[in-house]
Amino acid sequence: MQKNINHKIQETFDSLEGMEKASVNPFFFTRLEARMNNEKNVWGRVSSFFARPVIAFACICFVIMVNTAVIFSAEKSDTGGIRQNQEIATVDEYSQVSSNLFEFVNTQP
Amino acid sequence: MNERELIDLLKKKDRTAFKTIVQTWQNMVYNTALGLLQNTEDAEDTAQDVFMQVYDSIATFKEESKLSTWIYRITVSKSLDLIRKKKRKKRFAFVQSLYGKNDELAIDPPDFFHPGVKMENKENSAVLFKAVKRLPPNQQTAFVLNKTEGLSYNEIGEIMNLSGSAVDALLQRAKKNLQTSLHEYYEQTLK
């Protein structure tokens, strides 16, 4: 068995004997030129930059952060508005009460 | 056109000089990338990347070595970068499979049959290339440059910035590791 394995290993090492070098596709230069021309194009470069997964993921995170910030700031300004309305309501209530009191005092015989 | 003239013209971004360089070394680049990457599409993409880098970076070529040596270095560097990138992708492949997308086959395709290997040796060479894939990058590079490109130890040393004796030591370690891998493989399969 061991002899068999050693023989198989040697056969495997010898399998590359006489191997020829691989040749590239005959249209390799044409494809290379086309790719280089595409990369030269500004939009091609920009789109390939944003198509990178890391960049796309970072842009999505940025958009989510901006949206979250906008939502939080909107909530804060809404709370301020409610307080303002409450103040106006309180002022109105007091002004009615004070006018009623004035009338009450002055209409007493 | 000799090499010096080609380099001078390429530095001026002469397209004819660039075409000559591509046509002279395209098979060398492709064959080296194919030996390291063991995938024809990846090897072609990497070969394109190599020549694009040659075109863009020719101004940085100091002419301390031959142009072919410089091109070999870029090829090896780009191929090893792609191997590292694929290994990182493989580490996250389990996340993709949770969502029903199994890209493992695309990331790690089955047996590689080098187009230059004789028909009767294809099966054995596929086993050997699988074992070569598991070697450390330096040993893998030295082995591929020696066996598929037929480079001498000194030529490999120029590309890898090593002495001839260092390359010899590297190849000895590669052979030992391959023997161990193949022994384990055949022990399993010949049982």
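Model, not experiment: these values are computed from the prediction.

Conventions and cut-offs
Residues numbered from 1 in each chain as written. Chains lettered and ligands numbered in written order. Predicted model: local features only at pLDDT ≥ 70, side-chain atom pairs only at ≥ 80, totals over all residues. Contact = placed C-beta atoms within 7 Å. Helix = DSSP H or I, 4+ residues; strand = E, 2+ residues; numbered from the N terminus. Nonpolar A, V, L, I, M, F, W, Y, C, P; charged D, E, K, R; others polar. Domains from an automatic or database assignment. Core = buried A, V, L, I, M, F, W, Y, C linked by C-beta atoms within 7 Å. Buried ≥ 20, exposed ≤ 12 C-beta atoms within 10 Å, placed from the backbone.

### Topic: the interface of chain A and chain B
- Listed by partner, the interface residues are 23 residues for chain A and 31 residues for chain B.
- Where the side of chain A that touches chain B is concerned, the elements lending two or more residues are helix H1 (2–14) and helix H2 (28–40) of chain A.
- With seven residues, the single largest contributor to the side of chain A that touches chain B is H1(A).
- For the side of chain A that touches chain B, a count of residues per class yields eleven nonpolar, six polar and six charged.

### Considerations on the domain arrangement of chain B
Residues and elements named next belong to chain B.
- Domain parsing of chain B yields domain 1 (1–84) and domain 2 (112–191).
- Between the C-alpha centres of domain 1 and domain 2 there is a distance of 23 Å.
- Counting only elements with at least two residues in the side of domain 1 that touches domain 2, the list comes to helix H2 (15–37) and helix H4 (67–91).
- The greatest single-element share of the side of domain 1 that touches domain 2, amounting to five residues, is contributed by H4.
- In terms of residue class, the side of domain 1 that touches domain 2 is made up of four nonpolar, six polar and one charged.

### Remarks on the nonpolar core
- Residues Ile21(B), Val29(B), Tyr30(B), Ala33(B), Ala47(B), Ile71(B) and Ala142(B) are the most contacted members of the largest nonpolar core, which totals 46 residues.
- Of all elements in the fold, only H2 of chain A together with H2, helix H3 (40–57), H4, helix H7 (122–133), helix H8 (137–147), helix H9 (153–160) and helix H10 (164–189) of chain B reach the threshold of two or more residues within this core.
- Here this core takes eleven residues from H2(B), the largest share from any one element.
- If you count residues domain by domain, this core takes at least three from each of domain 1 (1–84) and domain 2 (112–191) of chain B.
- Setting aside chain neighbours within four positions, we find Ala33(B) in contact with Ala43(B), Thr46(B), Ala47(B), Thr75(B) and Ser79(B).

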